[in-house]
Amino acid sequence: MSMKVLRDEVARFLGDDTPGVICIVGAWGVGKTHLWNDAVQAEANSGRRKDQNYSYVSAFGAESIDSIKNMLLSRTVKLFDSQPSDRTGVAGHIDRIKKIQKKITWGSAFGLVRNLKWIENNLTKDIMSHIMYMSMQNQIVCIDDIERKSSKIDISDLLGMVSRLRVEQKCRVCIIFNQEELSDCDKEAFRRNLDKVVDKYFEFKPDSAYSANIAISGSGECAGYVRDRAVKLNITNIRVIRRCYDFARRLEEIIHDVDRAVWESCISSVVLSVWCHDQPSLAPTYDFLRRFKWGILQNDAEKTLSSEELAWSDLLDRYRHAWESDLDEAILSGIRSGYFGIDLIRPIVLDYQERDRRIRTGSALGEEWDLFHDSFQGNAEDIVRRMTILAQENIAYLDLSKINSIVRLFRDIGNEQEADHVTAMFVDAHWNGGWASQLRDLQGFGDYIDPTLVDDLQRRAKVEAVEIDARQLMIDLVQNDTDDTIDTLSRLRVENFVAAFKAEQGATMRQMIYATLKAGRFQGASAERQRVSDLATSAVRQIGAESKINSIRIKKFGKLQN
């Protein structure tokens, strides 16, 4: 049944005076109650029935039929008044008892009722409640969440109450629930009584676009993107989509200044993670997400996927989001804890942005090389101009190999000026790290390396070496021994080592000295590592020569070279 047909049927039910019962069933959170409330509000706004009484109750947690009846009484309102009367609920029912007492024939005791004071002072609470409940005549009633009632209430008794509201009290009743969540016993009882009690039965299965539009009323960029992502995953639970939007807005406040592609990846991760967290019976498992990479399951080449896993794979392939171990795990952790810690999540997002920029820069440069190699169109000036612009905009994300290829091409086609320009840009951006190990790799593969590029890098590194923070480099070496750190340290002088050792104390000082002393003391160590070890040895020896006490202090570092 289409949404329009269902809305029309509910509107027709509300607008008709004929007593009856309709039933709306569907999964949790898909908007059953929302659809009903919209229809009630539309009927209220029409102004056709200004004296119509209406009562909505949820059976969630109700312990008895009487408790539901009492809720119906206390929550009766003059829904269709433009300004509802104050005398609704119990007081309104007492008013109605006085007006209709002559028409009631169901008890001689009621004939003794003569005025409100007598009712209030003399009738027992149970009799009073029953009298008021029976005064609910020609009323619209909605009983929601039947599947969440207490197990103490038999579904047959509840349906019997609904039937009496229709037959004896001429009410129009709507019951709303998730049929799949009924107990097996209640399912069978409902099936047996369906034809006897319910006039029209509607199964509510909205699409994800309907649910997303209800869940997110905003019109901003984040709202639109979350709606799109929820539709892509076919999420129909309104509460889940709202949580997706809430978490997305919180994360957006932290990462508002990142690249658009990174922003989209983060919001996509939020929607996927919330769905998997909140609806594990419908969504892919976290283990599956961690193994899934653009339609390929890692380490599963020999495994036959189940029909459920195949469906997940197809869905995620359309969703276009591959699980990143650090970024997605951090987002999932925030969703589990209920908040995103800015000090935790922002560095991870920025690190992901750096990797993403490098990948995108490489892709863009690859496209330029494809244009160059796979066509006889275009001239040298166009090629140089495009590649120079690309290099200038992305110089921080180009490595030595890529920039070397550009410089060599420019020199081959005779544009020395732009070759030198691109070389200078790269040297300014990369002189203090990374290029040395990349140079060794290129030399190892036997690649031709532009000599001007290498000379400019080495010259700049030597000039700038005095400005390097030797202490921080040594701390970095203790934490993560890399060739780049060794290369930079090897360009320093003994006095830089002396100053660094003296600037620190305690365990950190000892670790700095041990790490630099040991840097080149193993077989096959590079010339750069040997130089770092020699510089550290000379620095420690120099510090020991300064005083008798220092000569004693340096003994703990072992036998030093003469």
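Details of the structure are given in the entry above.
Here we summarise the structure given alongside this text. (Residues numbered from 1 in each chain as written. Predicted model: local features only at pLDDT ≥ 70, side-chain atom pairs only at ≥ 80, totals over all residues. Heavy atoms only, no water.)

## What about the overall build of the protein?
Secondary structure assignment for the protein yields 27 helices and 8 strands. A buried classification covers 46% of the 562 residues belonging to the protein. Working note: accessible area of the protein is about 29,400 Å², and carbon and sulfur atoms make up 48% of it. (Helix = DSSP H or I, 4+ residues; strand = E, 2+ residues; numbered from the N terminus. Buried < 20%, exposed > 50% of the residue type's maximum accessible area, 1.4 Å probe, protein only. Areas by Shrake-Rupley, 256 points an atom, 1.4 Å probe, with all protein chains shown as cover.)

## Section: the pattern of salt bridges
Opposite charge on two side chains allows them to pair when their charged atoms are near. All told, the structure shown has 41 salt bridges when counted by the stated rule. For Asp 351, the salt bridge identified is with Arg 355, shortest N-O distance 2.6 Å. A residue pair is termed a helical-turn pair when its members lie 3 or 4 positions apart in one helix, as Asp 351 and Arg 355 do in helix H16 (residues 342-373) at 4 residues. For Arg 529, the salt bridge goes to Asp 483, with nearest N and O atoms at 3.4 Å. On the criterion of sequence distance, the pair formed by Arg 529 in helix H26 (residues 527-544) and Asp 483 in helix H23 (residues 483-490) is long-range, its members being 46 residues apart. Overall, the relative accessible area of 37% leaves Asp 483 in the partly exposed class. Here the residues in one salt-bridge network are Arg 440, Asp 481, Asp 483, Asp 487 and Arg 529, joined through shared partners. (Salt bridge = Lys/Arg side-chain N within 4 Å of Asp/Glu carboxyl O.)

## Points about the nonpolar core
In summary, soluble globular proteins display a tendency toward joint burial of nonpolar side chains. Formed by 72 residues in total, the largest nonpolar core has its most connected members in Trp 36, Val 226, Leu 272, Ile 331 and Phe 340. The residues touching Val 226, leaving out its near neighbours within four places in the chain, are Ile 216, Cys 244, Tyr 245, Ala 248, Ile 267 and Val 271. Counting 33 residues, the second-largest nonpolar core is a separate cluster that includes Val 21, Val 141, Ile 155 and Cys 171. (Core = buried A, V, L, I, M, F, W, Y, C linked by side-chain atoms within 4.5 Å. Contact = heavy atoms within 4.5 Å.)

## Topic: the side chain of Gln 139
Note on placement: Gln 139 falls in the loop between helix H6 (125-134) and strand S4 (140-144). Of note is the side chain of Gln 139, whose polar atom sits 3.0 Å from the side chain of Thr 76. (Polar contact = N/O pair within 3.5 Å; in protein donor to acceptor, adjacent residues only side chain to side chain.)

## Re helix H24 (residues 494-503)
Every α-helix carries 3.6 residues per turn, so stepping three or four residues along brings you back to the same face. Of the positions making up H24, those classed as buried are Asn 496, Phe 497, Val 498, Ala 500 and Phe 501. Turning to H24, the residues buried within the fold contact helix H22 (470-479), H23, helix H25 (506-517) and H26.

## A short note on the packing of H24 against H25
Their axes nearest at 8 Å, the elements H24 and H25 cross at an angle of 150°. Considered as vectors, H24 and H25 are oriented roughly antiparallel to each other. For the pair H24 and H25, contact is made by Phe 497, Ala 500 and Phe 501 and by Met 509, Met 512, Ile 513 and Thr 516, respectively. Along the lines of polarity and charge, the residues of the contact of H24 with H25 split into 6 nonpolar, 1 polar and no charged. (Axes fitted to C-alpha atoms, helices over the stretch in contact; angles between N-to-C directions. Parallel < 35°, antiparallel > 145°, perpendicular 65-115°, else oblique. Nonpolar A, V, L, I, M, F, W, Y, C, P; charged D, E, K, R; others polar.)

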